[in-house]
Every structure is written in C-alpha cells, then in structure tokens.
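# Fold and geometry: a report
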Amino acid sequence: MNNRDVRATWDYHNGTKHSYESIRANRHYLDWDNQPIPFKIYSTLSPIRLPEHLSSAGMTALDALSVSEIREKSAIVPSLQTLAEILYLSAGITKRRTYPGGEILFRAAACTGALYHIDLYLVCGTLPGLAAGVYHFGPQDFVLRQLRAGDWRSVVGRATGNEPAIAHAPVIIAFASTYWRNAWKYQSRAYRHCYWDSGTIMANLLAASAARDVPARIVLGFVDNTVSKLLGLDPAREGATSLVALGNIAPEATPELSPIEPLVLETALLSKSEVEYPAMRAMHQASSLESENEVIAWRKASATAPGVEYVGPTSEPHLIALRPLSAQEVPSDTLESVVQRRGSTRKFSRESISFHALSTMLDRATRGILSDVSSPNERPANDLYLIVNAVDDLAAGAYVFRSDRRALELLKEGDFRREAGYLGLGQEIPADCSVNVFFLADLNPVLQRFGNRGYRVAQLEASVMGGKLYLAAYALGLGASGLTFFDDDVTDFFSPDAAGKSVMFLIALGKSVKQSRDRVGS
Ligand SMILES: Cc1cc2nc3c(=O)[nH]c(=O)nc-3n(C[C@H](O)[C@H](O)[C@H](O)COP(=O)(O)O)c2cc1C
C-alpha cells in the first residue's frame, strides 16, 4: 500500500463511523472472560526501579500546558529523576479503584475504556543514572526494562530522515499501541483510539516536560518498520504512533549498531485468545513510510502549510472575542496536583461555567503544537466546533472557534442539550455538561499534503488539544470527559460551516456533580 493512495483512509474512516443504525446493528458484545490485561508485561526482563520520590516542578498547570515553543537553547539532558517524573505525569498510575470484579488502575491521562493500550518506550544515550539503551516503561511497577543495550538513537535518527530534533535529543520517547487491548471493546474503531489515547498522554508529556524546561518536539515522520523492529513490536498486532524528541544536546556521532537483530522477548498473554481486526492493520500499513527518502520527501511536501496570522481580539461584530483569565487570575495549582486529581467526569451538574473559564480553556489549549510537521504559526488541521449548553454571558447554541481571531462565531442559537446528548452516542454526559468541544478536520487538503499519514497527523493534533482541554478544565476546578460520537450527524449538525469535514475528537467540559457537592459541603 502506498501512503499517497488515500482511498485507504477514506475506507478506514468511513468504515469505522458510528451511526444510530450501525450501533443498533452491531452484535459485538464484551467477552469479559477474554478481557485483555491493560499492561505489556515482559516476564523475563529484570526491572530497573525508577526513583519514587517525585517532586513538583512548581509551574502552574495552565502555564505548563500552554507552552508551545522551545525557550531553552542550552544543553539539557534529563536525569533519571526528571524522566521518572515525566513518565509518571504522562502514563503513571495515579489512582486505584476497587469494584466487585477487581481493581482498575487509573492513569495520569484519560484513555478510551480505561483499557490503556498505549505503551511508552525510551531510546537513549547514556544519561545521569541510566545506561544507553532501549527501554520499556512499566507503569504497573514503575520501572524500566531494558530491551536492548547500547545507543540506538542514530537508528531512530536515520528512520526520521535525520530530523534535527531527534539528532539533538538525548532521549527519544516512542508511543506504541497493542491493538487488541483496545479493539477487544471497540473493534476496528480502535485505530482512531491509537491516536486519541496517544494524544491525551502526549498533552501530559508536553506539559510535564515544559514544566521542567525540557524541550520536547513531536515527530510523526519515521520509517515505521525500523522503529517497530527497534522496539521489538509485533507488526501484526502493534504499531508505533508517534515519537517525541526530548532534551537538547549537540548532535553526536554515535556508533553504528545495526543490523537490528529481532528481539525475542517473552511477554505475558493478554487474554485467552485475540481477535484480529484487519482494518486496523491495513490503515497502519497504508499510512506507513517505507524508507528514509520517503520520510524526507514527506516532510518536505508538508512544509508548504498555509500560515496563520493571529489578529487577536477583534471588533468584527459577528465574532465574540475570548476573554481568558489574566495571568494574575488563573489558579496557581501546579501541573502535578492537577494531573493527580484529573479524572473523567462521570456526571455533570448542568450548572453554567463562566465565559472567562471557557475562554481560558480554549485559549490555553490552542496555542499550537510543536512537531516535525507543525508549528504554532501554522493553521491547525482541526477546527473546534462547540455546543454551548450553559455558559454565563454566552447564548446557548452552536459555535465555531475562529482560532486566528481568538474568537467564537455563533452558528445557531438555541438549547441543544438534547441534540448534544444524541450526537455523543446518546449518553447523558454531552447533554448535562456546559460545553461540548468537537474537533473537525477537512481531510481532503490534509490527505493531499500528507497522504494517508495525514490521518495520523489530524487525529493526533485533535487529541493533543483535547488532552490539554482535560488538564485546563481540572486546573480551573472543572470537570471534563472525552466522548465518542455519531460521525456524520455531528458534521450535519454544524453544517453548512462544517460541510465536508470529519470529526476527529470530542470532549465535554463543565461542572461535575461531585465538585458541586464538595463546594456546598466546604
Ligand atoms: C478519547 C476519549 C473518548 C472517551 N469516550 C467516552 C465515552 O464515550 N463515554 C464515557 O463515559 N467515557 C468516555 N471516555 C472516558 C474514559 O472512559 C476514561 O478516560 C477512562 O475510564 C479512564 O478514566 P479517567 O479518565 O477518569 O482516568 C473517553 C475518554 C477518551 C480519552
């Protein structure tokens, strides 16, 4: 399959849309006896304990999540302590809940179905406290396990077409999904979740790195086969979604370690049996890059992005300028305390939130993402569409966020709680929350620019912004929950403005019943 033959994306995307009819016709049921474990457990590798006393970097969550440029030009090599903090705040276990059938270990970032199919791997040179190697992060016992010894960064460097951020990185973090761990519940739609759930983790990782002044840049252009081999992934069942170049050093000439011998490492069985969903593998293959030259050409083609000029608050009468809280007014809760209390709100109170709060969340979450194919000065692939149920000083209705104007535009006024509930798969959350934020991308220009891999770019961009909204909501003492949706009905609801666009992500924001009860009791 060729990355440029974008029929593959349309086949996958259209084939995994939810509609009222498709949900009713689906005979899939959850086979609890065959539920996969939410961890990748290497049974034979010795654990390398990560430091357990983690400290706060002291930066407020709202500041940390909105950093979108690399300020530090000097050499920065994260220590094992810093890495442990970043890993914990991104993918660590933050809460344990027992229920009649067992225990769920909740993590720092939200994940569809709490199935936690995304694992983090490290490829590093020698770091203070850690030998050069390829490692897997095990959240269940908070350890690293070494998969390969030695400095393999040059292999990743070549696989990314010598992406400068990778050449300067003392550590590269790779994200990969084990499909079955999510597809058990969500079937083929789980390929979208590979990016949704990478994105929420990524939002935390970017914020945790920013709070520690560690430069972090997402890299989406890489030879999939090489990265997969290096990490020892099973290409039939697993796929790397993204890389992050972490830290900053002068590029080093590292020894040639190839060829990459296959890793033969035992991992614990996930469940009694596994079901393969060929559409996931097909989409991953169709959006794969096959050679260093293809990566270089891909990145070059993507450099022709339309720029965006931020014109700031505007006096155009049909636009409602955001009114974010000033630096003095934003809550001073640190990123660490916000990640610790973040969850997904199970029941919203139907109360309104202030327009200042909504503005602050939108403003902070949309200041741009640094990656090999995007910069904060570029037009994002996604537009944010809102159903406002209850926001003080803002009429209930459907809006689009004009990101270059930092303003909302009213598309239609009205009470759309019932419609919001329906669009969010008939759940109560989107009907009860204060605001639903839908991320929609016009996939045609995105696929023209990036080929099938544009689907990864658009999904990840939306979910990183969604993950930032999660953090921003909890930083403001509010609640949030990611949601799934009836694809075409959402586009129809926001049309004609949204005509032709595809829904990438949805998040509900508002006050949780629990938070309101706590306030009354306090
Ligand atoms: C992209 C995304 C979509 C989600 N969709 C739903 C949903 O449709 N309904 C729901 O109740 N929860 C949904 N969730 C919330 C997850 O169930 C929740 O993140 C998971 O149980 C882990 O719990 P926590 O977020 O409280 O840590 C979604 C989360 C994400 C990240």
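For the structure itself, look to the data block above.
Description of the structure in this document. (Residues numbered from 1 in each chain as written. Predicted model: local features only at pLDDT ≥ 70, side-chain atom pairs only at ≥ 80, totals over all residues. Heavy atoms only, no water.)

### Considerations on the overall build of the protein chain
What counts is decided by this rule: Numbering of helices and strands starts at the N terminus; helices are DSSP runs of H or I of at least 4 residues and strands are runs of E of at least 2. C-alpha atoms define the radius of gyration, and 2.2 Å times the number of residues to the power 0.38 defines the globule rule. Only protein chains enter the area calculation, which uses a 1.4 Å probe; residues under 20% of their type maximum are buried, those over 50% are exposed, and those in between are partly exposed. Contacts between residues were defined by any pair of non-hydrogen atoms, one from each residue, lying within 4.5 Å.
The helix and strand inventory of the protein chain stands at 19 helices and 16 strands. At 22 Å, the protein chain has a C-alpha radius of gyration in line with the 24 Å of a compact globule built from 522 residues. Each principal axis of the C-alpha distribution contributes one length, and for the protein chain these read about 60 × 55 × 50 Å. In the protein chain, which comprises 522 residues, the share counted as buried stands at 58%. Nonlocal contacts in the protein chain, meaning residues at least 24 apart in sequence, comprise 82% of its contacts between residues at least 6 apart.

### Here we look at the pattern of salt bridges
Applicable threshold: Salt bridges are counted wherever a side-chain nitrogen of Lys or Arg sits within 4 Å of a carboxyl oxygen of Asp or Glu.
One pass over the structure, following the stated rule, counts 32 salt bridges. Note that Asp141 and Arg145 form a salt bridge whose closest N and O atoms lie 2.7 Å from each other. Residue class for Asp141 comes out partly exposed when judged on its relative accessible area of 27%. Classification of Arg145 as buried rests on a relative accessible area of 8%.

### Structural notes on the sheet that holds strand β9 (residues 238-246)
To keep things clear, this is the line we draw: The pairing criterion for strands is at least two bridges between them, as found by DSSP. Fitted lines through C-alpha atoms serve as axes, helices being fitted only where they are in contact, and the angles separating the N-to-C directions of these axes extend from 0 to 180 degrees.
Taken together, the seven strands give an open sheet; going across it, the order is β1-β6-β5-β4-β7-β9-β8, and neighbouring strands pair in antiparallel fashion. In this open sheet, the two strands that pair with only one neighbour each are β1 (47-49) and β8 (216-219). Within this sheet the neighbouring strands show an average axis-to-axis angle of 30 degrees, counted without direction. Across eight bridges, the pairing between strand β7 (residues 171-178) and β9 is antiparallel. Counted as the bridge partner of Ile173 is Val244 from β9.

### A short note on the side chain of Ser463
The following threshold applies: Any N or O atom pair separated by 3.5 Å or less is treated as a polar contact, with the protein-specific requirement of one donor-capable and one acceptor-capable atom, and with residues adjacent in sequence counted only for side-chain atom pairs.
Inspection of the secondary structure puts Ser463 in helix α17 (residues 453-475). Polar contacts involving the side chain of Ser463 include one to the main-chain carbonyl oxygen of Tyr195, which spans 2.9 Å. Apart from residues no more than four positions distant in its own chain, Ser463 is found in contact with Tyr195, Trp196, Gly199, Thr200 and Phe505.

### So, the packing of aromatic side chains
Cut-off, in case you're wondering: When the centres of two rings from Phe, Tyr and Trp lie within 6.5 Å, Trp using its six-membered ring, the rings pair. Their planes under 30 degrees apart give stacked, over 60 give edge-to-face, and anything left gives tilted.
In total, this model carries 17 aromatic pairs according to the counting rule given. Note on Tyr20 and Tyr422: the rings are 6.4 Å apart at their centroids and 45 degrees apart in plane angle, and the pair reads as tilted. On the criterion of sequence distance, the pair formed by Tyr20 in helix α2 (residues 20-25) and Tyr422 in helix α14 (residues 417-423) is long-range, its members being 402 residues apart. On the accessibility criterion, Tyr422 (33% relative accessible area) is partly exposed.

### Thoughts on the state of the cysteines
This is how the line gets drawn: The criterion for a disulfide is a pair of cysteine sulfur atoms lying within 2.5 Å.
Scanning the model with the defined rule gives zero disulfides in all. Cys194 takes part in no disulfide bond, and the closest cysteine sulfur, belonging to Cys111, lies 10.0 Å away. Residue classification places Cys194 among the buried residues on the basis of a relative accessible area of 1%.

### Looking at the site of the ligand
Worth spelling out the cut-off: Nearness here has a simple test: a residue counts as near a molecule or strand if at least one of its heavy atoms is within 4 Å of that partner. Accessible areas in this description were obtained via Shrake-Rupley with a 1.4 Å probe; residue shielding takes into account the shown protein chains only.
Looking at the ligand, there are 22 residues lining it, with Arg342, Ser344, Arg346, Gln427 and Gly482 nearest. A distance of 3.2 Å separates an oxygen atom of the ligand from a polar atom in the backbone of Cys111. Summarising the interface, the protein chains cover 87% of the accessible area of the ligand, which totals 610 Å² for the free molecule. Sorting the residues of the shell around the ligand by element identifies β3 (102-107), α8 (190-211) and β15 (479-483) as the ones contributing at least two each.

### A short note on helix α11 (residues 292-302)
Applicable threshold: Of all possible arcs, the one meant is that of the directions from the helix axis to the C-beta atoms.
Considered for burial, the residues of α11 that qualify are Val295, Trp298, Arg299 and Ser302. Down the axis of α11, the sector holding all buried residues measures 95 degrees, keeping them to one side. Seen from the open side of α11, the exposed residues pointing more than 90 degrees away from its buried face are Asn293 and Lys300. Tucked into the core, α11 has its buried residues touching α5 (153-159), β8, α16 (443-450) and α17.

### Points about the packing of α8 against α17
Which entries qualify depends on this criterion: Each angle gets one of four labels, with under 35 degrees taken as roughly parallel, over 145 as roughly antiparallel, 65 to 115 as roughly perpendicular, and the rest as oblique. Here a crossing is taken to be left-handed if its near helix is turned anticlockwise relative to the far helix by less than a right angle, and right-handed if that turn runs clockwise.
Contact geometry of α8 with α17 gives a least axis separation of 7 Å together with a crossing angle of 50 degrees. Taken as axis vectors, α8 and α17 run oblique relative to one another. Here α8 runs over α17; the crossing is right-handed. Side by side, α8 and α17 meet where Tyr191, Arg192, Tyr195, Trp196, Ser198, Gly199, Thr200, Met202, Ala203, Asn204, Leu206 and Ala207 of the first sit next to Tyr455, Arg456, Gln459, Leu460, Ser463, Val464, Gly467, Lys468 and Leu471 of the second.

### Observations concerning the layout of surface pockets
Put simply, the test is: For each structure, a 1 Å grid was placed over the protein atoms alone; sets of points admitting a 1.4 Å probe that cannot get out are labelled cavities, open sets with protein on both sides within 12 Å along at least five of seven lines are labelled pockets, and lining residues have an atom within 4 Å of a point. Grid points are joined across faces, edges and corners, and a volume is the space filled by probe spheres set on the points. Each residue is assigned to one class: nonpolar for Ala, Val, Leu, Ile, Met, Phe, Trp, Tyr, Cys and Pro, charged for Asp, Glu, Lys and Arg, and polar for all the others, Gly among them.
Taken as a whole, the second largest pocket holds about 420 Å³ of empty space. Contributing to the lining of the second largest pocket are 25 residues, with Arg379, Pro380, Ala381, Arg449 and Glu461 lying nearest its centre. Those elements giving two or more residues to the lining of the second largest pocket turn out to be α16 and α17. It is α16 that contributes the most residues to the lining of the second largest pocket, four residues altogether. Grouping the constituent residues of the lining of the second largest pocket by class yields twelve nonpolar, five polar and eight charged.

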